Amino acid sequence: MKFNHLLFLFIGLISFFANAQQFTISGKLIDGSTQTPLEAATVFAETLKDSTLITYTITDSNGDFVLKGRTSLDKVNLYVSFVGYQPYEQIIDISTNKDITVPNIALDFRVETLGDVIVKGRSAPVSIKKDTLEFNVSSFQTKKDATVEDLLRELPGVEVDEQGNITVNGKPVNQILVNGKPFFGDDPTIATRNLTKDIIDKIQVTDTKTKSEAFTGEAGDDQNKSINITIDEEKNKGIFGRVAAGAGTDERFEYAGLVNYFDNDLRISALGSGNNINSPGFSFGEIEKMFGNARYISVSDNGSFNINGRSFGGNSGITNSRNAGFNYADNWSENTEASADYFYSGSNSFEEELSSRENILPDNRYFSNSSSTRVNNNDSHAVNGRVEKKIDSTFFIEYRPQFNYNEGDFRSERTEETRNADGEISNQSATASNSLRSGRNFENDLSLTRKYGANGAFVRLRLNGEINDNNTDSYLNSTTQIYGDDPETIERDQFTDGKQAITSYDIQGEWRIPLVAKKLFVNLQYSLNNEHRKDRQSTYDFDENSLDYTNFNLSQSTDFTNNNRSSRPEIGMNYRSENTNASFDVGYVMRTLKSDDALRDINFDSDFDAIELRANLWHKFNQKWSMWSGYNLNNDAPGVRQLSPYVDVSDPLNTIQGNPDLSPENRHSLYMGVNNYDFQSRAGFNSYFNANITNDRVISRTTVDENFVRTTTYANVDGNYNIYSRASFSKNIEIDTLRTLKYEFSMNVNANRNVNFNNDVQYASKTIAYSPGLGLRFTWKKLFEIRPEYTVEITRNSYNLDLFDDREFLRHEVRLRTTTFWPKELEWNNDIRYYYNPNLAGAFQKSSVFWNSSIAYSVMQDKGLITFKVYDLLNQNTNARRTATQDYIQDVQSTVLQQYFMLNFSYKFNTLGKKGEVRENNWFD
């Protein structure tokens, strides 16, 4: 297989050099009336036969353009498009002269309508409209039945990883809208993996901003991007969707369905899915997305993962998940928009885990080995609503209620033993626990914005209230044995009735005063927040006489009432122009923490006041280069449990007591980034740097006795920092209209310095990790695609104490992805990964080859898709991983999804037509 694809690549390159020739067309674009240059216009070359895009570019600040491309054609069509102007086109003969300069091109203003005749021009592949980057979907070639996610992968500057996370020029996309409205809440993958390209007109990219910020014309969040998917107006009325089901070996299954009804502004959608292959289920199991999230990945200790707060169990472990949802959006009137959605998610997960940890002390080392089994069942319901009302051109109201309910149970069994450096056992424990939990959360968010004057002034009031209560019934049965000179056995058979209730409100007021109309502003803000929390844990020991849990255990019970109240006045300045945004804000936080323990004489009242700063700068140098930077000074008060002198003895091997003398953490954050994307050369560079320096950081201060039993409190330390940087460069080479080559190099660096205590000895540990990567992507349209990648991660741990040994760890990953598209009804995908972890302990698997393969065949005029897939073809899947921290090194291996074979069928239907009409239903043509 590898040889065949390399042979295809070699033949393709030979054919390219034999046939395709490079050409250059240069010129200048000017306004026909004023003769001034036109910046950010789109210039592209296309074939005469079918208007297939060959290459394109964007004019610079002087109106100049240089259009470079490769083709075997003798003539191309030069097309110029710019917002507000008549388009221009000209046939260029490149048969004899491959380097052509055209005379200045003058564009005239567009007259949108002439009587009842609408004048339309062909849309440019890429357009820049103020702060919006817009892609014309029809200009980008994709495979048949492509989803929005498939389309996004083809757009310049846009990257989509396997989890569906999207970045544009290095910045993450945190919001997906459809026709400007939310689609199933905040989960972007539901839209990107289920809406198909054939109904999409434009993809618009902007800085993320709320509807209220858009109403006032404020700058958005320059650290995050939003994507708006606009549906073609000719396809905005009717029903469309798809259904899918699959069954496989080892009782593996999946099913999914999505139905959408669009009637101009009215949009109703419903979905449902389920599977036991560790996938959220929104991708309908097609091609490589069928494999969901079941692959090598580091996860949390409890094996769970979630998508926007929705739990689906663990990437390690086996999860049976089910989901159902309903989404509604409509314009109730010309100035009123409303949307609502309901989402249910449930999961049942099982996981077994083995762990081996080397614990590092200043003058000693000890080793802990554990094994555990976890079973987690969870059901959750979420209801979200949104009403947006524009009273008039100056007054905007937004109201967002949210309600969540969840319930579940968690069962676990765990055994652990600790041995000293000589291999002698020091302590061991066996624990079995079972808990039942339920929780409700209701939140209201109301925003009122009033603009006044014509210079950008406004006032805003935001009110937020939240009520949250959780109930937990827990059963614990444990035996702990401590050896040594004074051996002890601690046995517990207990029931705990836990109740937690939170009531909070947040009031924010903002006033923006223009100093220079629509450019320079003074911002005045004030916020008031209050959170009241009740936390009660009533623990009862089992009574052998009554055969019930009736003996109240005071030492392990709590009844806290905590109150967190803060107010924050703030003043700032903001400057905004077409190419620059800059802001500076200073605030003063006044915070009071109060706590009362009804079971003990433990009460405290602490005040924490501090200055906070925020500064941001964004500047676009030209159509290629932009940069952003910022600085934040934040203060975080210690947690109530960290401050309370209450002694927590719930863990026999680790007693915890708070420290009421703690100071708030003081954190300085500095970030900066540079983006460059050259539409002409299809080359892009982006880099990001972030540094956090924390003073008075609150850390755990643990002492370990001769039996390795721990006693923990909290302390403030200085000298902690974290530095993260990433740089990447990618380039698309358009070999010709059929063949493209893309290469990308990236480098990630993460450095940390942590100050800690170990047995009352203060020390600093440094961890620095380098992760360079190289990837290639060669595509021969309608034939095949091959994508090799290599990544190595090098981690080094060092200490400022000679008692600790410096460490270095390596992890290698080699990946090869191939896709063939011939014959046209057949698509064959392979995803092969090789992992090598040379530093894992001897009991853990150091290397593995993980190979997924799938074959998909289109039927019923491309409306149906039959897919056969093999997961973990070589049956070597493993998630063995090593974690290194300042005071321990741990190897973990747990249950993962094993090899299976599955046959899947999916069917899509579509009756979408023009506004006001419905196309005939040809579902079963």
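Residues numbered from 1 in each chain as written. Predicted model: local features only at pLDDT ≥ 70, side-chain atom pairs only at ≥ 80, totals over all residues. Heavy atoms only, no water.

Student: For this particular structure, what's the right way to read the environment of Leu-38?
Tutor: Considering the arrangement of structural elements, one finds Leu-38 in the loop between strand E1 (21-31) and strand E2 (42-46). Here Leu-38 falls in the buried class, since its relative accessible area comes to 6%. Sequence separation of Leu-38 and Asp-64 is 26 residues, and the distance between their C-alpha atoms is 8.5 Å. Leave out the neighbours within four places in its chain, and Leu-38 touches Leu-29, Ile-30, Asp-31, Thr-59, Asp-60, Gly-63, Phe-82, Tyr-85 and Leu-107. (Helix = DSSP H or I, 4+ residues; strand = E, 2+ residues; numbered from the N terminus. Buried < 20%, exposed > 50% of the residue type's maximum accessible area, 1.4 Å probe, protein only. Contact = heavy atoms within 4.5 Å.)

Student: I keep staring at the nonpolar core and nothing clicks. Help me out?
Tutor: For soluble globular proteins, nonpolar side chains are generally found buried alongside one another. Of all hydrophobic cores here, the largest spans 35 residues; its most connected members are Leu-152, Ile-203 and Ile-227. The contact partners of Ile-227, leaving out residues within four places of it in the chain, are Leu-152, Ile-166, Val-173, Gln-175, Ile-176, Leu-177, Ile-203, Gln-204 and Val-205. The next biggest cluster of nonpolar side chains, apart from the first, holds 21 residues, and it includes Leu-67, Leu-78, Phe-82 and Tyr-85. (Core = buried A, V, L, I, M, F, W, Y, C linked by side-chain atoms within 4.5 Å.)

Student: Looking at this structure, I do not really get the packing of aromatic side chains. What am I missing?
Tutor: Each aromatic ring pair is summarised here by two numbers: the centre-to-centre distance and the angle between the ring planes. On inspection of all chains with the given rule, the structure shows 19 aromatic pairs. On the numbers, 6.2 Å between centres and 45° between planes, the contact of Phe-729 with Tyr-743 is tilted. Highlighted residues: Phe-729 in strand E43 (residues 720-734) and Tyr-743 in strand E44 (residues 739-758), separated in sequence by 14 residues. Each residue in the set Tyr-475, Phe-495, Phe-542 and Tyr-549 is aromatic and connected to the rest through ring pairs, giving one cluster. (Phe/Tyr/Trp six-rings, centres within 6.5 Å; stacked < 30°, edge-to-face > 60°.)

Student: In this structure, what is going on with unusual backbone geometry? I would like to understand it.
Tutor: Leave glycine aside and you will find that most residues have negative phi; peptide bonds, for their part, are mostly trans. In the segment running from Trp-822 into Pro-823, the intervening peptide bond is cis, with an omega of -5°. Residue position: Pro-823 is located in the loop between strand E47 (807-820) and strand E48 (826-836). Even without glycine at this site, Phe-708 takes up a positive phi of about 60°. With respect to the helices, strands and loops of the structure, Phe-708 is situated in the loop between strand E41 (697-704) and strand E42 (710-717). Using a relative accessible area of 4% as the deciding quantity, one classes Phe-708 as buried. Phi angles above zero are rare outside glycine, and Asp-872 is one such case at about 55°. Counting through the fold element by element, Asp-872 comes out in the loop between strand E50 (864-871) and strand E51 (881-884).

Student: How do you make sense of the side chain of Asn-581 when you look at a structure like this?
Tutor: As for its position among the elements, Asn-581 is in strand E34 (residues 580-597). You can call Asn-581 buried: its relative accessible area is 17%. The residues contacting Asn-581, other than those within four sequence positions of it, are Ala-219, Tyr-575, Arg-576, Asn-616, Leu-617 and Trp-618.

Student: What is the right way to look at the pairing of strand E4 (residues 64-71) in this model?
Tutor: Taken residue by residue, a regular strand's side chains alternate between the two faces of the sheet. By the alternation rule, side chains of E4 split into Phe-65, Leu-67, Gly-69 and Thr-71, which are all buried, and Asp-64, Val-66, Lys-68 and Arg-70, of which none is buried. Two elements, E1 and E4, share 8 bridges in a ladder whose sense is antiparallel. Considered in E4, the bridge of Phe-23 is made with Gly-69. (Pairing = 2+ DSSP bridges.)

Any functional reading would require information that these geometric values do not contain.
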